[in-house]
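# Architecture at a glance
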There are 6 protein chains.
Amino acid sequence: MKFEAYREAFPNAALARKLNGVLEIRLHTDGGKLLFNGHTHEQFVDLFHAVASDPDNRAVILTGTGDAFMDAISPEGFDFFSPQGYDKIFREGRKVLMNLLDIEAPMITALNGPVLLHSEYALLTDIVLATPQTVFQDKPHFDFGIVPGDGVNLLWPEVVGSIRGRYFILTRQVLDAQTAKDWGVVNEILPADKLLSRAHEIADDLAALPPLTARYTRIALTQRLRRIVDEGAGYGLALEGISAADVARAAPTA
Amino acid sequence: MKFEAYREAFPNAALARKLNGVLEIRLHTDGGKLLFNGHTHEQFVDLFHAVASDPDNRAVILTGTGDAFMDAISPEGFDFFSPQGYDKIFREGRKVLMNLLDIEAPMITALNGPVLLHSEYALLTDIVLATPQTVFQDKPHFDFGIVPGDGVNLLWPEVVGSIRGRYFILTRQVLDAQTAKDWGVVNEILPADKLLSRAHEIADDLAALPPLTARYTRIALTQRLRRIVDEGAGYGLALEGISAADVARAAPTA
Amino acid sequence: MKFEAYREAFPNAALARKLNGVLEIRLHTDGGKLLFNGHTHEQFVDLFHAVASDPDNRAVILTGTGDAFMDAISPEGFDFFSPQGYDKIFREGRKVLMNLLDIEAPMITALNGPVLLHSEYALLTDIVLATPQTVFQDKPHFDFGIVPGDGVNLLWPEVVGSIRGRYFILTRQVLDAQTAKDWGVVNEILPADKLLSRAHEIADDLAALPPLTARYTRIALTQRLRRIVDEGAGYGLALEGISAADVARAAPTA
Amino acid sequence: MKFEAYREAFPNAALARKLNGVLEIRLHTDGGKLLFNGHTHEQFVDLFHAVASDPDNRAVILTGTGDAFMDAISPEGFDFFSPQGYDKIFREGRKVLMNLLDIEAPMITALNGPVLLHSEYALLTDIVLATPQTVFQDKPHFDFGIVPGDGVNLLWPEVVGSIRGRYFILTRQVLDAQTAKDWGVVNEILPADKLLSRAHEIADDLAALPPLTARYTRIALTQRLRRIVDEGAGYGLALEGISAADVARAAPTA
Amino acid sequence: MKFEAYREAFPNAALARKLNGVLEIRLHTDGGKLLFNGHTHEQFVDLFHAVASDPDNRAVILTGTGDAFMDAISPEGFDFFSPQGYDKIFREGRKVLMNLLDIEAPMITALNGPVLLHSEYALLTDIVLATPQTVFQDKPHFDFGIVPGDGVNLLWPEVVGSIRGRYFILTRQVLDAQTAKDWGVVNEILPADKLLSRAHEIADDLAALPPLTARYTRIALTQRLRRIVDEGAGYGLALEGISAADVARAAPTA
Amino acid sequence: MKFEAYREAFPNAALARKLNGVLEIRLHTDGGKLLFNGHTHEQFVDLFHAVASDPDNRAVILTGTGDAFMDAISPEGFDFFSPQGYDKIFREGRKVLMNLLDIEAPMITALNGPVLLHSEYALLTDIVLATPQTVFQDKPHFDFGIVPGDGVNLLWPEVVGSIRGRYFILTRQVLDAQTAKDWGVVNEILPADKLLSRAHEIADDLAALPPLTARYTRIALTQRLRRIVDEGAGYGLALEGISAADVARAAPTA
């Protein structure tokens, strides 16, 4: 797929590509901080698919807008509580992670602030930069009373270690940027006004590699993650769906 | 299995369950510090099986008694040195780990002091709290001259990293609580008199989740550990058994 | 294979074995710092095979000579750029890692200085000691514009965590000894003049274990690494080879 | 567990053990053909657990009563249609297969007639004998409109090949005994009046092996099946549960 | 994706969907027998992606046109012999198999005649019907002197057994329909004029299942194939690419 | 390794290589039928290593001498009954299978008669030809009362299916050539006087492929077998060793 075919296709993702092939993906809602909802859940499946389909992307930066990377969720466009409604989430949830891994250009996440949901997106990219204000948490699942089975269950233990990862999920721990760096989730902490320029600096270096080299390096570095996701994401999401159905039944008026 | 059916069944485990479903398992010998021996090896297989069979357990705390979690071992009830004798250890050794993982309620280990053997029990639980006096070591295997193949060989590299984990086992390293926390084995260090109350605080939160949600979250977080244990524990224990047979032959009067 | 059959067989490896079975392997070029080239690439396959074939090796120390463990590479003896030439690298590259893992004696790497290539050798040993001057980097692959697919892609994420490992490779990060220790790559930092004596101290302890016990413990601790290497090394090396062929075509006079 | 402790414990399984340690398990309902329902689903979990816990079982024969091994299912005791109800099926469904595999004595299934549900039980045993009247089918899942996710999805492709196995499930194929033998599901076809005596003949031979040998051979032959079941059964059952919830919603008065 | 959005999008695939959701995909070139080339290699990646993206497909039939399913290949649109040219084949080759497996509707292949290349497409569908004239062979790889690494290396041993599968590939064996049926590759052999009607008969039955049930059954039946393909296809294709580069160098004027 | 360096190195293997690179390995004892013993067990490890190390081998034929491929075993050179003695068998047993798989030239076994032990050698080669007099059985393990854990436990279920494979091992089934062909163990049955010429005919075809192509095809076809062997052979052999130690203790005068 050529860049022109998808650059304007995503209402919640501003795409800009430099001549050297560095693509910046900035998530947003109406130009401001992203509000995650059922529509973005669906849209990001296609977004990552499009980016993965275009070998002209030589390095990819994923970032957010405003004072958070992703900290707000709206029920709009989601139906968690019927099997048919959840089926859409189930399909998209498995697909979005594999599509992210199908992007063969090296990926950098530039966290411009808190990430309280879908932190597994960042963990599937290769390099993570963060501002001092960035915190990590997996919040909405337990707030809604449902299983955090969308991939955070797989990737946090993989990245920070089994016991740290399970504690993080089970206690809804708020992980500040420095601790996240100490634990190996964040590679560099940068002031907000230096974040993107540093991301571009690294991306420019990667984009200067021979194109097959950069892409095949990402493949060689992520084969293990593909297996973890392909084997585990469906099961986790299925359990999440059953728990959501149970919550719905228990609710007075669901 | 109903709680009443097993609450008094285990001479070396005091079980108490609160109305909210939080089960506390306190290991002990005659009410004091646990002395691990062949009888407890067998008993804990059944203990974890019983706990796993009872869906009314909503969160589980595993702790010890006195000034150590587990630091003493007695040969009583063990026959390491004949194939038939070792067969019992082999069967129980594989089973105890899978039974621990069959417990679907989220699990917290509250380490009230040193754990010098079977530290893999703690590593299979989801959250590990420790007192400042807690130290970790894998001591008896090499003291007896046999292979540490009971699961510590699998779980230490998994939790703390491959090179740290192998060094820990091979050098009989004594790991203090703070280093263990820095390495991701321990989540929180607490004064001895706060240890259990903090464990209950976390357990109460987990027990307040919808029951399927708490249980399925543990499943989603431990599927990877099940594979590691099911694939590797038998082999490690078989090697341990052969090494024990060799030690027995070499000994003057074994 | 008996020690006499191979002790003098390797021009770039000085072998010395103590009566207790501790084997020291010192890599060198003409007695000084090793210059890695196509000939050593081939030679080390046979070196590790020989060491693995001799059960009289009770513990193995791998070290370098002079002020670096491995920091220089020469194109001599390598043909990266034709399929038939690369085939030799491909075969040797897969074999050298499995042969290292076939060594069943516990292994210690004593890093006497920088390791800028083939750091995966150290990561496959069980214990890593380093001097304060030691730094880690994966430098030549990207300097030559080719995929770092020789095993560093697999083992760095395994040992230091997924995001740290990918950053290390992708940014050609220079990792100093202290950071490497904080990340779990290095177990102990020692002054240069204490390095080998400490390695021997640890090795002597391991060699004092019953022989089956020491060997089977290494087996029990490395089964996971065997799978990672056997499954992933061929693919990574194949991708590296394709990238090298591409670089060769793009070069003006390759 | 000693035989006396469980021989009379299972209303739907008649247990008889010969002096040589050959255990015959005959499934039945009130002495006649088994009617599978929610109570047997639960009971067989405990049945296989008990048999697995007793090392005095040297070989195990599993058979049925009357003119079918298992061809009838009653909804009694099942709640497929609420999350909490299905949770019981989910737990038991995963457990029953692992408990079957935990039986370390070699196992023979003697199929006395059609097996239209839970044919995966037979496929987890080591040897399958059948009468000419035996047919295989996976019938109730699609009759009820739900996913055949209880293990038949995993084990039929494993035993008969991927395309035969998927066709068998998807078309509700009726497989006669001779075709099943041609496909490798059945080892021997025997007249009804010779079935059990032949099963005992084989079992007697196996029971005459040294006890560790017989048991460890079953372990060595089934390690692969343990992984298939442990990795896949939970996911399949979760999908089955979601499909059941969907069917329930679609039904006029569920 | 809605059917209207892609029904006319593929010049070499005629798509027709019945009201019950049964989709028939008929591969062709200008309405006649398919001539496989580099353009169809690319096109089928998108074809299977589109079909997978549309949950309104309830069952899918894949068939060919004229007297062969796929027996002719043209070099047009392929560049096997430069790294950059092969990179396109490498990317598409991995993607096309995963996209086929992403189709969650049950799939039936109706083989209207010989399949001499890409027989792995059929093996990834769930049910295979064939005419008496159908033969299987993997012909072009060895004819061109390159590695059959596109998935046939993985799927033939999986479906027909390890030794049969390796012989089939290595000897370019021609497998007639009856032998293929005896080996479990073909489920039913039908006269050419009954082939499609039988495929539709089976598909209609599957499409009559509740929609989640049919889709989740395919997921539950193919999880194992996803792992085989995701782990192995990249490596096989990389080896195929290196062998092609070697052939190109050896050729007089490549 | 060059052919000259190893052609005469193996007293029980006559090696002959044609100009086209087809290597014939004929196992024998003093020029007649092979008598397998502890010395051949050790020797074949080195034999397969040497053959694997020589890329000039373009295709390999493995055959026997006289009226059996391998049907006789002598205790000479084996010590099954002490841990140290068994350790040698354990090491060689794991190594011989991996060395066989390290041979990257396509391999053909020409079975000149019964194979009653180590039939897994044949199953690891790619093509199996047999005379009508050939039968398969796994006989000595159970005759000696020990676990058949040397790889037959892994490879028979892999090649012939799970239930056929387990029955074959457990009942010491004698499998005639025709049944073996029906089950997919044997590709072709040939009169004794045509066996080798047919093997050479196939080998000549394979040797005529471009050298990287032939070798990489074997790699692409056997990656799955490498994992099965590397993961499972050690465990099976360890269990076999424990069972042997038990048998030794039970024997009146062991």
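Residues numbered from 1 in each chain as written. Chains lettered and ligands numbered in written order. Predicted model: local features only at pLDDT ≥ 70, side-chain atom pairs only at ≥ 80, totals over all residues. Heavy atoms only, no water.

## Some thoughts on the interface of chain A and chain B
Here is the rule: We call two residues contacting when some pair of their heavy atoms lies within 4.5 Å. The buried area of a pairing is the accessible area, by a 1.4 Å probe, that goes missing from both parts when the two are put together, added over both. Each reported salt bridge corresponds to a side-chain nitrogen of Lys or Arg within 4 Å of a carboxyl oxygen of Asp or Glu. Residues adjacent in sequence count toward polar contacts only when both atoms are side-chain atoms; beyond that, a polar contact is any pair of N or O atoms within 3.5 Å, and within protein one must be able to donate a hydrogen and the other to accept it. Strands are runs of DSSP state E lasting at least two residues, helices are runs of H or I lasting at least four, and both sets are numbered from the N terminus onward. For this classification, the nonpolar set comprises Ala, Val, Leu, Ile, Met, Phe, Trp, Tyr, Cys and Pro, the charged set comprises Asp, Glu, Lys and Arg, and every other residue, Gly included, is treated as polar.
Each partner contributes to the interface: chain A provides 27 residues, whereas chain B provides 35 residues. Of the roughly 2400 Å² buried between chain A and chain B, counting both surfaces, carbon and sulfur atoms make up 64%. For the pair chain A and chain B, the interface holds three salt bridges. Among the ionic pairs, D126(B) bridges to R166(A), the shortest N-O distance being 2.9 Å. Scanning the region where chain A abuts chain B turns up twelve residue pairs in polar contact (both at pLDDT 80 or more). At the level of secondary structure, the elements contributing two or more residues to the side of chain A that touches chain B comprise α6 (152-160), α7 (162-170) and α10 (211-250) of chain A. Among the elements that line the side of chain A that touches chain B, the one with the most residues is α10(A), at nine residues. By residue class, the composition of the side of chain A that touches chain B is 14 nonpolar, six polar and seven charged.

## Brief notes about the sheet that holds strand β5 (residues 127-130) of chain A
All names here are of chain A. As a reminder, the rule being used: Should DSSP find at least two bridges between two strands, the strands are regarded as paired. Lines are fitted to the C-alpha atoms to define the axes, a helix being fitted only along its stretch in contact, and any angle between axes, read from their N-to-C directions, falls within 0 to 180 degrees.
With respect to topology, six strands assemble into an open sheet ordered β1-β2-β3-β4-β5-β8, the strand pairing being mixed. The open sheet terminates on both sides in strands that have one partner only, identified here as β1 (13-17) and β8 (188-189). By the bridge criterion, five bridges tie β1 to strand β2 (residues 22-27) in an arrangement that is antiparallel. If you follow A16 over to β2, its bridge partner there is E24. On the sheet, helix α2 (residues 38-52) packs against β1, β2 and β3 (59-63) and is oriented at approximately 175° with respect to β2.

## Concerning the packing of aromatic side chains
Put simply, the rule is: Each Phe, Tyr or Trp ring, with Trp reduced to its six-membered ring, pairs with another whose centre is within 6.5 Å; inter-plane angles below 30 degrees give stacked pairs, above 60 give edge-to-face pairs, and intermediate values give tilted ones. A 1.4 Å probe rolled over the protein chains alone gives each residue an accessible area, and that area as a share of the maximum for its type sets the label: buried under 20%, exposed over 50%, partly exposed in between. We call a charge positioned over a ring when the NZ of a Lys or the CZ of an Arg lies within 6 Å of the ring centre and within 35 degrees of the ring normal.
This structure, assessed with the given rule, holds 69 aromatic pairs over all chains. An angle of 50° between the planes, with centres 6.4 Å apart, marks the rings of F44(D) and F48(D) as tilted. Within this pair, F44(D) and its partner F48(D) are both found in helix α2 (residues 38-52), separated by four residues, close to a single helical turn. The same class applies to F44(D) as to F48(D), namely buried. Put simply, the rings of F36(A), F44(A), F48(A), F78(A), F80(A), F81(A), Y86(A) and Y121(A) touch in pairs and so form one group of aromatic residues. Positioned above the aromatic ring of F90(C) is the side chain of R94(C), whose terminal nitrogen or guanidinium carbon lies 4.1 Å from the ring centre.

## Describing the environment of N20(A)
Residue and element names in this part refer to chain A. Take N20: it is sitting in the loop between β1 and β2. Note on N20: relative accessible area 29%, which makes it partly exposed. For the pair N20 and A203, spaced 183 residues apart in the sequence, the C-alpha separation amounts to 9.6 Å. Excluding residues that lie within four positions of it along the chain, N20 makes contacts with R58, D204 and A207. Looking at N20, its side chain comes within polar contact range of the main-chain nitrogen of V22, at 3.0 Å.

## Quick notes on the relation of the copies chain A and chain B
Applied cut-off: Copies are brought into register by a least-squares superposition over C-alpha atoms of residues with pLDDT of at least 70 in both.
Rotating chain A by 120° and moving it 0.0 Å along the rotation axis overlays it on chain B with an RMSD of 0.0 Å. Seen this way, the second copy is the image of the first under a three-fold rotation axis. When C-alpha positions in chain A are compared against the rotation axis, the closest is assigned to G161(A), at 4.5 Å. Take the interface residues of chain A: only 7% of them recur as interface residues in chain B, which is what a contact between different surfaces looks like.

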